[in-house]
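Each chain, written out:
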Amino acid sequence: MLITWQVVADGPLVDLDEAASRALAHPDRFSELLADLGNVPVAVPVLAVSLTYAAWRARSTGTHQWWSAAASAALLMALVPALVIPLKILTDRPGTPVVPPATGYYPSGHTATAAIAYGAAALLLLPWLSSVFARRALLVTCAVLNVCVGFGLVRRGYHWPLDVVASWCLCAVLLALLRLFLSRAGRRPE
């Protein structure tokens, strides 16, 4: 909320954001590859594989409503454009000097796509991992992927840093809600 207000009101955080972008934006092929990890054709298939695996495991163990965890994660992914696009229209933020003149860069859709796809995949897979090491490795991988996407978007000049941070904040709330739903759905009697 604070970030959105600062962007809309052109507050002091925007000046810091633009200074950070000037320091960080140096387009290269590597940063473009990192940014591409947030593309729908990359991130959504990762989620789809996780949805399929989690549903298959739940069904094979006789879990009541075995499909609900996968369906809720898929619904959350479908909600991303429904939440991000209106914010882009509302804020009407111009892009960085590196991209062609346009508006609608805030918040970052690529960041939101990556955060929800990789985050929801991790939440779906966690219950099926038996070792602490595997669970930690999954969470670290999820975090690293998201940081790489954010860094790539800013370094390539596709987004201002606040665009990325705002998407992370939005998605943290959405993933917390998904986690709450999954934990409550897991405690229901058979």
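Residues numbered from 1 in each chain as written. Predicted model: local features only at pLDDT ≥ 70, side-chain atom pairs only at ≥ 80, totals over all residues. Heavy atoms only, no water.

Undergrad: Would you take a moment to explain the packing of aromatic side chains for this structure?
TA: For any pair of aromatic rings, the description consists of the separation of the ring centres together with the inter-plane angle of the planes. The final tally for this structure, using the stated rule, is 1 aromatic pair. An angle of 45° between the planes, with centres 5.9 Å apart, marks the rings of Tyr-53 and Trp-56 as tilted. Within this pair, Tyr-53 and its partner Trp-56 are both found in helix H4 (residues 40-60), separated by 3 residues, close to a single helical turn. Given a relative accessible area of 54%, Trp-56 falls into the exposed group. (Phe/Tyr/Trp six-rings, centres within 6.5 Å; stacked < 30°, edge-to-face > 60°. Helix = DSSP H or I, 4+ residues; strand = E, 2+ residues; numbered from the N terminus. Buried < 20%, exposed > 50% of the residue type's maximum accessible area, 1.4 Å probe, protein only.)

Undergrad: Sorry if this is basic, but what is going on with helix H6 (residues 109-125) here?
TA: At 3.6 residues per turn, the α-helix brings residues three or four places apart onto the same side. The terminal C-alpha atoms of H6 lie 24 Å apart, and with 17 residues this matches the ideal 24 Å at 1.5 Å per residue to within 8%. Burial within H6 is extensive, with 16 of its 17 residues counted as buried. (Expected span 1.5 Å × (residues − 1).)

Undergrad: What should I look at first to understand a nonpolar patch on the surface in this one?
TA: Residues Leu-75, Leu-79 and Leu-83 make up a contiguous nonpolar surface patch of about 240 Å² in total accessible area. Its place among the elements puts Leu-75 in helix H5 (residues 68-91). (Patch = residues over 30% accessible without salt bridge, like charges linked within 9 Å, V, L, I, M, F, W, Y side chains within 5 Å. Areas by Shrake-Rupley, 256 points an atom, 1.4 Å probe, with all protein chains shown as cover. Salt bridge = Lys/Arg side-chain N within 4 Å of Asp/Glu carboxyl O.)

Undergrad: Any chance you could explain the pattern of salt bridges here in plain terms?
TA: Two side chains carrying opposite charge are able to pair once their charged atoms lie near each other. A full pass over the atoms with the stated rule returns 4 salt bridges. Glu-32 is paired through a salt bridge with Arg-156; the nearest N and O atoms lie 3.5 Å apart. Of the two residues, Glu-32 sits in helix H3 (residues 29-36) while Arg-156 sits in helix H7 (residues 132-156), which places them 124 residues apart along the sequence. You can call Glu-32 partly exposed: its relative accessible area is 22%. Overall, Arg-156 belongs to the buried group, its relative accessible area being 18%. Here the residues in one salt-bridge network are Asp-17, Arg-93 and Asp-163, joined through shared partners.

Undergrad: Is there a simple way to explain the packing of H4 against H5 in this structure?
TA: A pair of packed helices can be characterised by two numbers: the angle between their axes and the separation between those axes. As a packed pair, H4 and H5 sit with axes 9 Å apart at the nearest point and diverge in direction by 165°. Here H4 is positioned roughly antiparallel relative to H5, judged by the angle of their axes. Regarding H4 and H5, the two cross each other, and that crossing is left-handed. Taking contact as the criterion, the partners of Val-44, Leu-47, Leu-51 and Ala-55 in H4 are, on H5, Ala-70, Ala-73, Ala-74 and Met-77. For the contact of H4 with H5, the per-class residue count stands at 8 nonpolar, no polar and no charged. (Axes fitted to C-alpha atoms, helices over the stretch in contact; angles between N-to-C directions. Parallel < 35°, antiparallel > 145°, perpendicular 65-115°, else oblique. Left-handed = near helix turned anticlockwise from the far one by under 90°. Contact = heavy atoms within 4.5 Å. Nonpolar A, V, L, I, M, F, W, Y, C, P; charged D, E, K, R; others polar.)

Undergrad: Can you walk me through the nonpolar core in this structure?
TA: Soluble globular proteins tend to bury their nonpolar side chains together. The biggest cluster of nonpolar side chains holds 36 residues, and the ones touching the most others in it are Leu-47, Ala-73, Ile-116, Leu-124, Leu-175 and Leu-178. Top element by residues in this core is H6. It accounts for 12 residues. Discounting chain neighbours no more than four positions away, the residues touching Leu-175 are Leu-76, Ala-115, Ile-116, Gly-119, Ala-120 and Leu-123. (Core = buried A, V, L, I, M, F, W, Y, C linked by side-chain atoms within 4.5 Å.)

Worth remembering: the numbers are spatial, not functional.
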